[in-house]
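Close look at the chain arrangement
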Amino acid sequence: MKLLMMGPPGAGKGTQAKKIVEDYHLANISTGDMFRESYRKKESLGLLAMEFIRDGHLVSDEITIEIVRRRLFVNHVEKNFLLDGFPRTITQAEALDEMLEVEQTKLDAVIQIVVSDAVILNRMVGRRSCSICGATYHVDYKPPQKEGVCDACGGVLYQREDDKHESVRNRLDIYKEKTKPLIDYYDAQGILYEVNGEKSFDAVYRDIQTLLETHL
Ligand code: AMP
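Described below are features of the structure shown in this document. (Residues numbered from 1 in each chain as written. Predicted model: local features only at pLDDT ≥ 70, side-chain atom pairs only at ≥ 80, totals over all residues. Heavy atoms only, no water.)

**Concerning the state of the cysteines**
Inspection of the entire model under this criterion finds 0 disulfides. Left without a disulfide partner, C130 is nearest to the cysteine sulfur of C153, which lies 3.6 Å away. (Disulfide = S-S within 2.5 Å.)

Following this line, the structure appears as structure tokens:
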């Protein structure tokens, strides 16, 4: 199974993706996580990418396509995966289709999580991430048991630079301009499925499960 999760920043994509990959045994390919990991390891790619990420800009298509290509198609060809946060531009989508075509395969489904801007802004300014394992919390809706500390690993929680208000606005604008055209791109391929992302986490997850079980 080859899936792609789409939706504006803060739509809950990442959290849903983590549960889907567990339940369906898929490799979780999150370009955001890959960039952050590379940055933590102080690799030149990660340091370069963070310059863009910090301001809420997209990392260049060239760097992004290359990091995905290496992860999915070099050394070991990944057969079952879920893409989260890639592609974000038409150029990236076309590059992905070409890479899949070489392997004589294609995406099975694109799940689009739909959430309004107002709901997203409210969710994102309260989001906190673990500096060690990357788990995410919300100061109001999903607080950790002990303030500022990750329940899963005890790591320190922090607010990602790109979760600050101005950066979120910027990312929403970029999403509309660069990423939304992908919705038409995948709709034209007949593999786009919409899910209402304003419901609770469990309700959204159930909708995704139903969708996968009905269509795949
Ligand atoms: P995410 O964790 O998916 O929200 O990604 C965090 C940041 O990483 C984004 O705001 C971008 O700056 C960068 N990024 C992640 N994926 C991509 C992509 N496919 N293309 C360009 N930049 C990306």
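**So, helix α3 (residues 44-54)**
What α3 keeps buried is the set G46, A49, M50 and I53. Axial view of α3: buried residues confined to an arc of 110 degrees, hence all on one face. Opposite its buried face, α3 presents the exposed residues S44 and E51, each directed more than 90 degrees away. Those residues of α3 that are buried are in contact with α2 (31-40). Phi turns positive, to about 80 degrees, at G56, one or two residues after α3. (Buried < 20%, exposed > 50% of the residue type's maximum accessible area, 1.4 Å probe, protein only. Helix = DSSP H or I, 4+ residues; strand = E, 2+ residues; numbered from the N terminus. Arc of directions from axis to C-beta. Contact = heavy atoms within 4.5 Å.)

**Let's talk about the sheet that holds strand β3 (residues 81-84)**
Strand pairs in the sheet, formed through backbone hydrogen bonds, run parallel or antiparallel to each other. With parallel pairing, the 5 strands of this open sheet are ordered in space as β2-β3-β1-β4-β8. In the strand order of this sheet, the two ends are held by β2 (27-30) and β8 (192-196), each with one partner. In this sheet, adjacent strand axes meet at a mean angle of 20 degrees when their direction is disregarded. The pairing of strand β4 (residues 109-114) with β8 spans 5 bridges and is parallel. Of the residues in β8, the one forming a bridge with Q112 is E194. Packing against the sheet, helix α8 (residues 181-188) makes contact with β1 (2-6), β4 and β8, and its axis sits at approximately 145 degrees to β1. (Pairing = 2+ DSSP bridges. Axes fitted to C-alpha atoms, helices over the stretch in contact; angles between N-to-C directions.)

**Topic: the site of the ligand**
Close to the ligand lie 16 residues; T31, H57, G85, R88 and Q92 are nearest. One of the side-chain N or O atoms of R88 is found 2.9 Å from a nitrogen atom in the ligand. Of the residues forming the shell around the ligand, the biggest block, 4 residues, is contributed by α2. The residue inventory of the shell around the ligand, partitioned by class, reads 5 nonpolar, 6 polar and 5 charged. (Near = heavy atom within 4 Å. Polar contact = N/O pair within 3.5 Å; in protein donor to acceptor, adjacent residues only side chain to side chain. Nonpolar A, V, L, I, M, F, W, Y, C, P; charged D, E, K, R; others polar.)

**As for the pairing of β3**
Of the two faces of β3, the one carrying F81 and L83 and the one carrying L82 and D84 are both buried. Pairing of β1 with β3, which is carried by 4 bridges, proceeds in the parallel orientation. For L3, the partnering residue across the bridge sits in β3 and is L82. Across 4 bridges, β2 lies against β3 in parallel orientation.

**What about the pattern of salt bridges?**
Where charged atoms from two side chains of opposite charge come close, those side chains can pair. Evaluation of the coordinates by the stated rule reveals 17 salt bridges. Between E37 and K41 there is a salt bridge; the shortest N-O distance is 3.1 Å. Take E37: its relative accessible area is 38%, and that puts it in the partly exposed class. Since its relative accessible area comes to 53%, K41 is described here as exposed. Here R70 and E66 are joined by a salt bridge, their closest N and O atoms 3.2 Å apart. Here the residue R70 and the residue E66 both occupy positions in helix α4 (residues 61-73), the gap between them amounting to 4 residues, near one helical turn. Since its relative accessible area comes to 26%, E66 is described here as partly exposed. Look at the salt bridges and you will find they share partners, linking R127, R160, D162, D163 and R171 into a network. (Salt bridge = Lys/Arg side-chain N within 4 Å of Asp/Glu carboxyl O.)

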